[in-house]
Amino acid sequence: MSEQDTSATLTLDALGIPYERRVYDYDPSAGKLGVAAAAALGLSPDHVLKTLMVQLDGRPACVVLPADRELDFTRVVSAFGGRKAKMLSRPDAEQRTGYRIGGVSPFGQRSTVPTAFEQCAMDGAPIVINGGAQGLLLELSPQDALTATNGITADLVKPPG
């Protein structure tokens, strides 16, 4: 992965939001891409966040949660005030965001969609989120991530155990 700009980095630059690039060797065969990225960078998976695209009442939405946690669709519905949520298909997610799976970022998507971040990951410590290309993560403050996406925080993950 080169130090090229992506829609995500260009969006953050345009907003004047500081970030640090974290480049790693992307492994498309990894079972859990976010956990593999965290391991490749020697980071804790609770502050390396994965970006998932969901369909909420027929419309796309973006959810961002720790790489080692599972999404709870009941909580997603509650967070956005919807009725029904499911994963957006891979082709739809790629088409709507402009990013390939393994490189989907909440920043700089083709169109603005409602975005929610898992509350437990937004404790003030820097977070690391996909930067719009496979093998590129961006480290920034939780508040800056919320500002860049006009996002909300909510409980989105299944309880442990």
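All values derive from a computational prediction rather than experimental measurement.

As a further point, take the pairing of strand β2 (residues 48-56). The buried fraction of β2 amounts to 7 of the 9 residues, a majority that puts the element mostly inside the structure. Here β2 runs beside strand β6 (residues 127-133); their pairing, made up of 2 bridges, is parallel. If you follow Leu49 over to β6, its bridge partner there is Ile129. In terms of strand pairing, β2 meets strand β3 (residues 59-66) through 8 bridges, oriented antiparallel. Of the residues in β3, the one forming a bridge with Val54 is Ala61.

Next up on the list: the nonpolar core. As a rule of thumb, nonpolar side chains are buried together in soluble globular proteins. Among the nonpolar cores identified, the biggest contains 25 residues, and Phe107, Phe117 and Ile129 are the most heavily contacted of them. Put simply, the parts of the chain that give this core at least two residues each are α1 (7-15), β2, β3, β6, β7 (136-140) and α5 (142-149). Once residues lying within four places of it in the same chain are set aside, the contact partners of Ile129 are Leu49, Thr51, Pro106, Phe107, Phe117, Leu137, Leu138, Leu140 and Ala145. Leu52, Leu71, Ala154 and Val157 belong to the second largest nonpolar core, which has 15 residues in total.

Evaluation of the coordinates by the stated rule reveals 5 salt bridges. When the shortest N-O distance is used, the salt bridge between Arg22 and Glu20 registers 3.7 Å. A relative accessible area of 43% means that Glu20 is categorised as partly exposed. Glu94 is the salt-bridge partner of Arg90, the closest N and O atoms lying 3.9 Å from each other. Of this pair, Arg90 and Glu94 both sit in helix α4 (residues 90-97), 4 residues apart, roughly one helical turn. When its relative accessible area of 24% is taken as the criterion, Glu94 is described as partly exposed. Overlapping salt bridges, with partners in common, bring together Glu20, Arg22 and Glu139 in one network.

Criteria and cut-off values
Residues numbered from 1 in each chain as written. Predicted model: local features only at pLDDT ≥ 70, side-chain atom pairs only at ≥ 80, totals over all residues. Heavy atoms only, no water. Buried < 20%, exposed > 50% of the residue type's maximum accessible area, 1.4 Å probe, protein only. Helix = DSSP H or I, 4+ residues; strand = E, 2+ residues; numbered from the N terminus. Pairing = 2+ DSSP bridges. Core = buried A, V, L, I, M, F, W, Y, C linked by side-chain atoms within 4.5 Å. Contact = heavy atoms within 4.5 Å. Salt bridge = Lys/Arg side-chain N within 4 Å of Asp/Glu carboxyl O.

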